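Per-entry structural report
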Amino acid sequence: MPLLLRPSCLFALLFFCVSCKSFDPGLLNPTAVTLSPKLPALENHVRDELDEVTVVIGPGGSVVATSSRDVATLFERETREALTAPYGDKKGFLELKVTPLTTRGSAWFLVSGLTLFIPNAVGMPLAAWKTTVSTQLDVLDSQRRLVATYRAEGEAKAVWGLFSATNYAEPGRVVYLQAVRQCLEQIKTKMQPDLARLQSQLQ
């Protein structure tokens, strides 16, 4: 049986390696929601995230590490393009904290191999990833006094499969960013009704 399984395993792994989607740099660009009117120019900072790494266990027990540098880049662009008018003196600070709640992956290579990948041909995935994060955005004035706090949770998933649109080459990195992006969209929507008050307190 191992001799029969070996060619099919190699074929399946080769197929998924070839079909994997490379990382989309568009994930680092701001989400669709833009504040109107925008807040005055503010410094941005991802609190605690720059020294952290989100770890996802991938197929076969491999570790997929997602650098929080991605979150810092995303938030800097959100601040400049969607949250504030970035010109002039800075009137305060925007601080984002991202807390991973669940980060896990599952793989079914052994089951797939034992069944000659027949279930995979009808929809069973080879592997799956899931990330859930909690975010908090603090708005502070120039004296670093708290003006407002907004919180949100986001969740993203990806699977490897013959018919999957989420065969990412870096699934842990992608789903982590997707979850954070969900949170930022929710937070911006929550901020919109408060813009008049925020602007007056940031002058």
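One can find the structure itself at the top, above this paragraph.
Everything numeric in this text was worked out from a predicted model, so none of it was measured.

1. Some thoughts on the nonpolar core
Counting residues in hydrophobic clusters, the biggest one holds 36 residues, and the most contacted among them are Leu39, Phe75, Val139, Val180, Met191 and Leu198. Contributing elements (two or more residues each) for this core: helix H2 (69–83), strand E4 (92–107), strand E5 (127–141), strand E6 (146–160), helix H5 (171–191) and helix H6 (195–201). With 10 residues, the single largest contributor to this core is H5. Residue contacts for valine 180: discarding those within four places in its chain leaves Val71, Leu74, Val98 and Val133.

2. Section: unusual backbone geometry
Note that the residue after serine 36, namely proline 37, is joined by a cis bond; omega there is -5°. Summarising the element assignment, proline 37 is placed in the loop between helix H1 (2–19) and strand E1 (43–46). Phi is positive for arginine 144, close to 65°, though the residue is something other than glycine. Checked against the element boundaries, arginine 144 lands in the loop between E5 and E6.

3. Let's talk about H5
For H5, with 21 residues, the first-to-last C-alpha span of 30 Å sits near the 30 Å given by 1.5 Å per residue. The element H5 is largely enclosed, with a buried count of 15 among its 21 residues.

4. Brief notes about H2
Relative to the 21 Å expected for 15 residues at 1.5 Å per residue, H2 spans 20 Å between its end C-alpha atoms, a close match to the ideal helical length. For H2, every residue scored as buried is listed here: Asp70, Val71, Leu74, Phe75, Glu78, Thr79, Ala82 and Leu83.

5. So, the packing of aromatic side chains
Scanning the entire structure with this criterion turns up zero aromatic pairs. One Lys or Arg, arginine 144, reaches over the ring of phenylalanine 93 and ends 4.2 Å from the middle of that ring.

Thresholds applied
- Residues numbered from 1 in each chain as written.
- Predicted model: local features only at pLDDT ≥ 70, side-chain atom pairs only at ≥ 80, totals over all residues.
- Heavy atoms only, no water.
- Core = buried A, V, L, I, M, F, W, Y, C linked by side-chain atoms within 4.5 Å.
- Buried < 20%, exposed > 50% of the residue type's maximum accessible area, 1.4 Å probe, protein only.
- Helix = DSSP H or I, 4+ residues; strand = E, 2+ residues; numbered from the N terminus.
- Contact = heavy atoms within 4.5 Å.
- Expected span 1.5 Å × (residues − 1).
- Phe/Tyr/Trp six-rings, centres within 6.5 Å; stacked < 30°, edge-to-face > 60°.
- Lys NZ or Arg CZ within 6 Å of the ring centre and 35° of its normal.

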